[in-house]
Every structure is written in structure tokens, then in C-alpha cells.
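# Commentary on secondary and tertiary structure
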Amino acid sequence: MPSNTIKQTRKDSSFYYFEKGKNSKAIREKITNFNKALQVIKNKNDTLITDVLDYKIYYHNRIKEYDSSLYFSDSLINSAKTQKDTGQIAKGYYRKSIVFRSLKQYEKQFENAFRASKLDLRVGDTSGAGRRISEMAFAQSQMTDYIGAQESATEALKYLSDADSSYISSSYNTIATAYRNQGFYQDAVTEWRNALKYANRTGDSLSNLNNIALSLQDQEKYEESLEIFKNIIERSNQINKTSKARFIDNHAYTKWLQDPTTIVREELLMAKEIRKKEN
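Residues numbered from 1 in each chain as written. Predicted model: local features only at pLDDT ≥ 70, side-chain atom pairs only at ≥ 80, totals over all residues. Heavy atoms only, no water.

Moving on, we get to the packing of helix α12 (residues 222-235) against helix α13 (residues 241-258). Packing of α12 against α13 brings their axes to within 9 Å, and their N-to-C directions diverge by 155°. Classified by the angle their axes make, α12 and α13 are roughly antiparallel. In terms of crossing hand, the pair formed by α12 and α13 is left-handed. Residues Y222, E223, S225, L226, F229, K230, I232 and I233 of α12 touch α13, and the partners they reach there are K244, F247, I248, N250, H251, T254, K255, L257 and Q258. (Axes fitted to C-alpha atoms, helices over the stretch in contact; angles between N-to-C directions. Helix = DSSP H or I, 4+ residues; strand = E, 2+ residues; numbered from the N terminus. Parallel < 35°, antiparallel > 145°, perpendicular 65-115°, else oblique. Left-handed = near helix turned anticlockwise from the far one by under 90°. Contact = heavy atoms within 4.5 Å.)

In C-alpha cells:
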């Protein structure tokens, strides 16, 4: 979610439409009001421009209007350059990286997150830099550059503070994924347990536990693995149903690996039906 950098109280029409956009319920209505705010701003050095653009990018991305998000990300970068605001230039590259992540164009996500991280460091925003480097690590992992992902995630942890718990969790998750894909299964378990400590959403916690169970499965520690799967299936009503289907599937497969004579058809059909209902 964008953060408003404007400190002073303004009463001009551009600020009125900006506030109206933020307070509107429908996303399309928000965007319409942000457009009106931009239309009435005359001074290209008005810092409200970059704030409005930031919100526009965010909400265009929310409704999957990615071309618009990219266009206004470039507008944000150009406006920030005009105003010589390095922090806002960094934000523009960050917004572009998020769009490319949504598009699964991970090389471009990495490039823009890299640019943002360097600019964040230039203005002393170490937390921002750590977040962007964590996102770089994610992109590298998606491109199967596991060594690079591990290095980036480790670097990100140097900059992140406890206030960045979700990014810390993500960085440990990336390191764990790299270990597992290189066959270091116990190291992966250790790092996913670190990720679990910082996960602040139920879905993330259960996902980390699922990955721990899979790494135990890799080591043929089936009893430990099954106990974790059983636990997360019981808790999975709190999250989306497709994740529950995945946990049921993994539980059944682990039971079969432990004993190929075990009948797991009922569980697999249950997972299949959930996936069909969720399309």
C-alpha cells in the first residue's frame, strides 16, 4: 500500500481529489479521482504529483492493468527526476519491479528492484534497500539462480530490522528454497524454521511448515513429516482452499512413500474435488 509523504495540510483542489481518491471504496472511482488530481496540478515541481502517481500505479496493478502501471511508473520516475527526489525515483523503480513480478517477468523484476535498492542506499534508507534486495532474491530463485538468490537474501538480512518481519521471513524462505534445490535438506529445514519465526500471517506460517515437512520427507523422516502435515491440514480452514488441497495431497503422498501399500485414494480425490471447485 502506498504511503502518503505529504505532511502539511492542503486545501487546493488537487489535494481534495487526492484525498477523495484515497477514501473512495471502489478502485475505479479511486483512479478517476487521482486522474482529476493530476489534471489540476500546474506546477511540475509539486510533490503531490509523485504521491498521486504512486497510488495510481498501486491500484492499476490491483486490477491487473499492468500496462497502465508500467506507464505511470515511468511517469513517477521522470517526475521525481525533475524534482531531484532520489527517494521517489527509487519508489518508481520499485513499483515497476512489482508489476514485472505480477507478470512473472523475473529478470525485469530483478533489474528494477536492483536499481531501487541502490537509490535507497544512496539516501540512507537501509530498510527500503533490504526489502528490495529481498525481492531481488525472490526473482533469482524464480529464475533458478539458487546461488545468487542465496547471496542476495543473505545480504538483505543485513539491512532488515524487526519491523520488516515479512521480508525477513521471505529472505529465509528464499535461502531455504536454495538449500533444498541443491539437496541440502536439513539446512533447508533450519532456514524454514527461521522463516517461520518471522511469518506474521497464518498462510505464510502454514506454507513454511509445509516446506519443512517436504524437506523432512526428502530425508525419509516420514513420521515427523506426516505429523506436521496433519497439523497444518487441521489449521488450513483459516486460509484459501487451494492451499488446503496442496497440504492434503502432500500428506497422502508422504503416507504412500512411507508405505506403498497404503490406500490414499480418498485423500487424493478430496484434494482433486477442492481444486475443481476452486477452478
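The biggest cluster of nonpolar side chains holds 40 residues, and the ones touching the most others in it are I212, I228 and I232. Per-element tally for this core: the top contributor is helix α11 (residues 202-218), with six residues. Contacts of I232, omitting those with residues within four sequence positions, involve L206, L209, N210 and F247. Grouped together as the second largest cluster of nonpolar side chains are 17 residues, I49, L53, Y58 and F72 included. (Core = buried A, V, L, I, M, F, W, Y, C linked by side-chain atoms within 4.5 Å. Buried < 20%, exposed > 50% of the residue type's maximum accessible area, 1.4 Å probe, protein only.)

Vacant regions in the atomic arrangement are exposed by a probe of water-molecule size rolled over the atoms. Here the largest pocket defines a volume of roughly 820 Å³. The element best represented in the lining of the largest pocket is helix α9 (residues 165-181), accounting for seven residues. Classifying every residue of the lining of the largest pocket gives six nonpolar, 13 polar and five charged. (1 Å grid on protein atoms, 1.4 Å probe; cavity = no way out; pocket = protein on both sides within 12 Å on 5 of 7 lines; lining within 4 Å. Points joined across faces, edges and corners; volume = space filled by probe spheres on them. Nonpolar A, V, L, I, M, F, W, Y, C, P; charged D, E, K, R; others polar.)

Note on helix geometry: an α-helix contains 3.6 residues per turn, so any two residues three or four positions apart are oriented the same way. Along its 13 residues, helix α14 (residues 265-277) runs 18 Å from first to last C-alpha, staying within 8% of the 18 Å computed at 1.5 Å per residue. For α14, the set of buried residues is E267, A271 and I274. One face of α14 carries all of its buried residues, which in axial projection span an arc of 60°. Residues of α14 that are exposed and point over 90 degrees away from its buried face: R265, E266, K276 and K277. Lining the buried residues of α14 we find α13. Two residues or fewer past α14, N279 is found with a positive phi of approximately 60°. (Expected span 1.5 Å × (residues − 1). Arc of directions from axis to C-beta.)

Turning next to helix α5 (residues 86-102). Between its first and last C-alpha atoms α5 spans 25 Å; for 17 residues at 1.5 Å apiece the expected length is 24 Å, and the two agree. α5 sits mainly inside the fold: 12 of its 17 residues count as buried. When we look at burial in α5, the residues that qualify are Q88, I89, A90, K91, G92, Y93, Y94, R95, K96, S97, V99 and F100. For α5, the secondary structure elements touched by its buried residues are α3 (48-62), α4 (66-82), α6 (106-122), α7 (126-142) and α9. Sitting at the head of α5, D85 places a side-chain oxygen 3.2 Å from the backbone nitrogen of G87. Just past α5, the residue K104 takes up positive phi, approximately 60°. (Polar contact = N/O pair within 3.5 Å; in protein donor to acceptor, adjacent residues only side chain to side chain.)

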